[in-house]
Amino acid sequence: MNVLIYNGNGTSANSVKQAYTTLKGILGHAYDVMKVDAVTLKTSPWEETCSLLVIPGGRDLPYCQDLNGQGNTKIKNYVKAGGHYLGFCAGGYYGSKEIEFKMEQQEIIGSRELGFFPGVCRGTMYPGFVYNSEKGARAVMIETHEKKKFKVYYNGGGYFVDAAKFDHVQVVCKYNEEFAAGVECQVGKGSALLFGVHPEYNVNLVDLSENEDEQTIRKELNGSLSDCQDFLSQGLSRMGLKVTKKVQDVPDLTPLYLSAINGNILTEMKSKLEQQVGKDGLITDSNDRFSVTEIDNINQVQSTMENLSISSEDKSPVLQILYPPVKNTSAMAVPDPSLTPLFDLEKFYSDLLKRRSLEWGGGSWYSFGNSVLYSKVITSTQTILDKNYNFAQALPTGLVCLATHQIAGRGRGGNSWVSQADALQFSFIVRHELNTSRPVVFVQYLIALAIVESIRERKGYEDIPLRVKWPNDIYMDLAEGGLQKVGGLLVNSSFVRNEFLLVIGCGVNLNNTHPTVSINEVIKKYGLPTLEREEVLAHALVKFEKFYHEFNEKGIGKWFLDKYYSRWLHTDKLVTLTTHDNEKARIVGITTDYGMLEAVSIHDPRKKFTLQPDGNSFDMLKGLIIKKN
């Protein structure tokens, strides 16, 4: 499930950053915290997977210009149906029925379409506010409904007039005994939490250089930071969201360790990467900069790690790639296990060789997984390979980029993957020749089935209810609990000189119980031994490579589709095609030419429909196929 933070016209960049950072710390263990724009809110089917919609601080008039009408109608219907809205400052004004905003040189008075608070939000509460600046910001005292007092960040927000007089409205904090600084409103089956203050702000992330009271504000708000976070967490918990007991900071990035199944492969990779190094000693690509260094000693590594924090959202740090010295070209080239305690690279390569040995001829020609870039904390495995084309070109087909934590994981359609330490999350490179009889669209089906088969084809694990959801999700089909998503897949492509450079990304809930259920959790209920990440990754790569070789040889046919249909969720399912005037249809499969979903009208079997996987979303719970904009 998603926590969506509005990042459209009028939003303050700092307010968006503060909301993202704080909510990632409170909710990121169980929810996908991501930013969206007005187009997404107006046209995409975001409501079904949204647990919380957040409108941050900024200027609410641009919000009105972009969201009035269709956007606000969708937001209101979402909340009334059981959704939740969180508004800070401008988002609080915007969520009220009426707004009265007065400054020395400006006055904004009018109604607002959402109307979650049924009265007037009037501001500013305190003088001195300056647009697009922290010059007029201050630390103000609030008192919660539990009579607790502490200082909170304020910059131009309003108060909710006569809030205590309205039904279905609870005042959750006050500036003083009379003026409400925060209200919780029941709206249909859902709720809206609106603030004139900023309990989400961490003053250490604010530039107060223009504020003459900077030192006082910093001292007071640092002293109340934990109170603000606890207060916000309590409000989110009342909404029914799963909050963490302790707010987690976004971790610093760590080095990427380059390894290989033998020293020859590592030496060749190192040589190709060194050819891209510029005069400044770095590989500079379109999205990131890389430093490639041999591991000399543990002290150097620790020193490097301390310097790899993200200083801002606009400038990425230099990503350090460290590789072990090659002492034996035929032996595994892996860093000392103490440097990668959360993923055993030597075990992975051993599991890979063992799994390959079970294939025809011993699988000696298999290569996917022969090299790995591993990091404990990374921005996104997908971004590292997909957004740095020249860097990726120096890496071999089958290289895997693997992380324990991703702080900006990417998923299909702009979604991002909820990255937890116990998930298996990786991306790998495939170079696919242009061949009209081997369309690249099928690659996502190959990897989806490979993930499922890496679990279910094991002896004793055949009945684990792991299934494929078209086009590229993985679900548990549970007798109790229904359908639970446990994995997502993504394939990005670049095309140069008659060849696709594919970056295949996978995120699988192997051990983490949030946000849904884990694969090992289900395996335990079947009385079976749980699975380790190293072995599952090795098995999945070998399975995919086997499928991929056969696909290149034969194309898509019965050899693949029989197994695919036995594992997917859709055979003979009746659906409503919102893409075709709400036509009722029955799913019959995917086409063998371009991999499109195929359905037949239940009223006229002569009418067939085909839908592209990249343009549509399958809402199984409602039996709808919806066009994604």
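Thresholds, definitions, all that
Residues numbered from 1 in each chain as written. Predicted model: local features only at pLDDT ≥ 70, side-chain atom pairs only at ≥ 80, totals over all residues. Heavy atoms only, no water. Pairing = 2+ DSSP bridges. Helix = DSSP H or I, 4+ residues; strand = E, 2+ residues; numbered from the N terminus. Core = buried A, V, L, I, M, F, W, Y, C linked by side-chain atoms within 4.5 Å. Buried < 20%, exposed > 50% of the residue type's maximum accessible area, 1.4 Å probe, protein only. Contact = heavy atoms within 4.5 Å. Axes fitted to C-alpha atoms, helices over the stretch in contact; angles between N-to-C directions. Phe/Tyr/Trp six-rings, centres within 6.5 Å; stacked < 30°, edge-to-face > 60°. Arc of directions from axis to C-beta. Parallel < 35°, antiparallel > 145°, perpendicular 65-115°, else oblique. Left-handed = near helix turned anticlockwise from the far one by under 90°. Nonpolar A, V, L, I, M, F, W, Y, C, P; charged D, E, K, R; others polar. Disulfide = S-S within 2.5 Å. Salt bridge = Lys/Arg side-chain N within 4 Å of Asp/Glu carboxyl O. pLDDT = per-residue confidence, 0-100. Expected span 1.5 Å × (residues − 1).

(A) Summary view of the pairing of strand E26 (residues 583-590). Summarising the sheet, strand E25 (residues 574-577) and E26 pair through four bridges and their orientation is antiparallel. When the sheet's bridge partners are listed, valine 575 is paired in E26 with alanine 585. Pairing between E26 and strand E27 (residues 597-601): five bridges, direction antiparallel. Along E27, the bridge assignment pairs isoleucine 587 with alanine 599. What sits between E26 and E27 in their antiparallel hairpin is a turn of six residues, with glycine 595 showing a positive phi close to 65°.

(B) A look at the nonpolar core. Membership of the largest hydrophobic core comes to 74 residues, with the highest contact counts inside it found for Phe428 and Phe544. The residues touching phenylalanine 428, leaving out its near neighbours within four places in the chain, are Phe368, Leu385, Gly398, Leu399, Val400, Ile447, Leu502, Val503, Ile504, Leu541 and Phe544. In this structure, Met34, Leu41, Leu53 and Val79 belong to the second largest nonpolar core, which totals 38 residues.

(C) Broad picture of the pairing of strand E16 (residues 289-294). Sheet topology note: the strand E15 (residues 283-284)/E16 ladder contains two bridges and is antiparallel. When the sheet's bridge partners are listed, isoleucine 283 is paired in E16 with phenylalanine 290. What sits between E15 and E16 in their antiparallel hairpin is a turn of four residues. Bridge count between E16 and strand E17 (residues 318-323): six bridges; the pairing is parallel.

(D) Here's a closer look at the sheet that holds strand E24 (residues 499-508). Taken together, the 11 strands give an open sheet; going across it, the order is E15-E16-E17-E14-E18-E19-E20-E24-E23-E22-E21, and neighbouring strands pair in mixed fashion. Two strands in the sheet have a free side with no partner beyond their single neighbour: E15 and strand E21 (466-469). Across the sheet, helix H8 (residues 263-274) touches strand E14 (256-260), E15, E16, E17 and strand E18 (371-378), and the angle it forms with E14 is around 130°.

(E) Local environment of the packing of aromatic side chains. Applying the stated criterion to the full structure yields 41 aromatic pairs. Aromatic pair tyrosine 6 and tyrosine 63: ring centres 5.6 Å apart, planes at 90°, arrangement edge-to-face. Here the residue tyrosine 6 occupies a position in strand E1 (residues 2-6), and tyrosine 63 occupies one in helix H3 (residues 60-67), the gap between them amounting to 57 residues. With a relative accessible area of 0%, tyrosine 6 lands in the buried category. The class for tyrosine 63 is buried, based on a relative accessible area of 0%.

(F) Up close: helix H16 (residues 558-567). Those residues of H16 lying buried are Phe560, Leu561, Tyr564 and Arg567. Considered in projection along H16, the buried side chains sweep an arc of 130° and stay on one side of the axis. Tucked inside the fold, the buried residues of H16 contact helix H13 (443-456), E21 and E26.

(G) Inspection of the packing of H13 against H16 at higher detail. Where H13 contacts H16, the axes come no closer than 11 Å and their chain directions differ by 65°. Accordingly, the angle class assigned to the pair H13 and H16 is roughly perpendicular. Considering how the two elements wind past one another, H13 and H16 form a crossing that is left-handed. Here Tyr445, Leu446, Leu449, Val452, Glu453 and Arg456 of H13 come into contact with H16, specifically with Phe560, Lys563, Tyr564 and Arg567. Partitioned by chemical class, the residues of the contact of H13 with H16 number six nonpolar, no polar and four charged.

(H) How the structure looks around the environment of leucine 253. With respect to the helices, strands and loops of the structure, leucine 253 is situated in the loop between helix H7 (225-238) and E14. The exposure class assigned to leucine 253 is buried, which follows from its relative accessible area of 4%. A sequence separation of 126 residues divides leucine 253 from threonine 379, and the C-alpha atoms of the two residues are 7.4 Å apart.

(I) Region of interest: the state of the cysteines. Summed over all chains, the structure comprises zero disulfides. The thiol sulfur of cysteine 50 is not disulfide-bonded, and the nearest other cysteine sulfur, from cysteine 185, lies at 18 Å. Cysteine 401 provides the cysteine sulfur closest to cysteine 506, a residue in no disulfide bond, and the two sulfurs are 12 Å apart. Cysteine 506 sits in the buried class, given a relative accessible area of 5%.

(J) A look at the packing of helix H1 (residues 13-27) against H7. Running from amino to carboxyl end, H1 crosses H7 at an angle of 65°, the nearest separation of the two axes being 11 Å. Considering how the two elements wind past one another, H1 and H7 form a crossing that is right-handed. Mapping the contact onto sequence places Thr22, Leu23, Ile26 and Leu27 in H1 and Gln229, Leu232, Ser233 and Leu236 in H7.

(K) Region of interest: the pattern of salt bridges. Enumeration according to the criterion identifies 26 salt bridges in this entry. Residues arginine 122 and glutamate 100 are paired through a salt bridge, measuring 2.8 Å at the closest nitrogen-oxygen approach. Of this pair, arginine 122 sits in strand E7 (residues 117-123) while glutamate 100 sits in strand E5 (residues 96-102), and the two are 22 residues apart along the sequence. Among the residues examined, arginine 122 registers a relative accessible area of 30% and is labelled partly exposed. Overall, the relative accessible area of 21% leaves glutamate 100 in the partly exposed class. One network of salt bridges, with partners in common, ties together Lys347, Asp351 and Glu532.

(L) Structural detail: the confidence of the model for the protein chain. With 90% of its residues at a pLDDT of 70 or more, the protein chain shows a mean pLDDT of 89. For residues 308-315, every residue scores under 50 in pLDDT, and the model assigns this stretch 14 contacts once sequence neighbours within four places are set aside. Across residues 410-418, where pLDDT falls below 50, the model places 49 contacts with residues more than four positions away in sequence or in other chains.

(M) Structural detail: H8. Over its 12 residues, H8 runs 16 Å from end to end, which matches the ideal 16 Å to within 8%, given 1.5 Å per residue. Taken together, the buried positions of H8 are Gly263, Leu266, Met269 and Leu273. Seen from one end, H8 has its buried residues packed into an arc of 125°, which puts them on one side. Buried residues belonging to H8 abut E14, E15, E16, E17, E18 and helix H12 (389-393).

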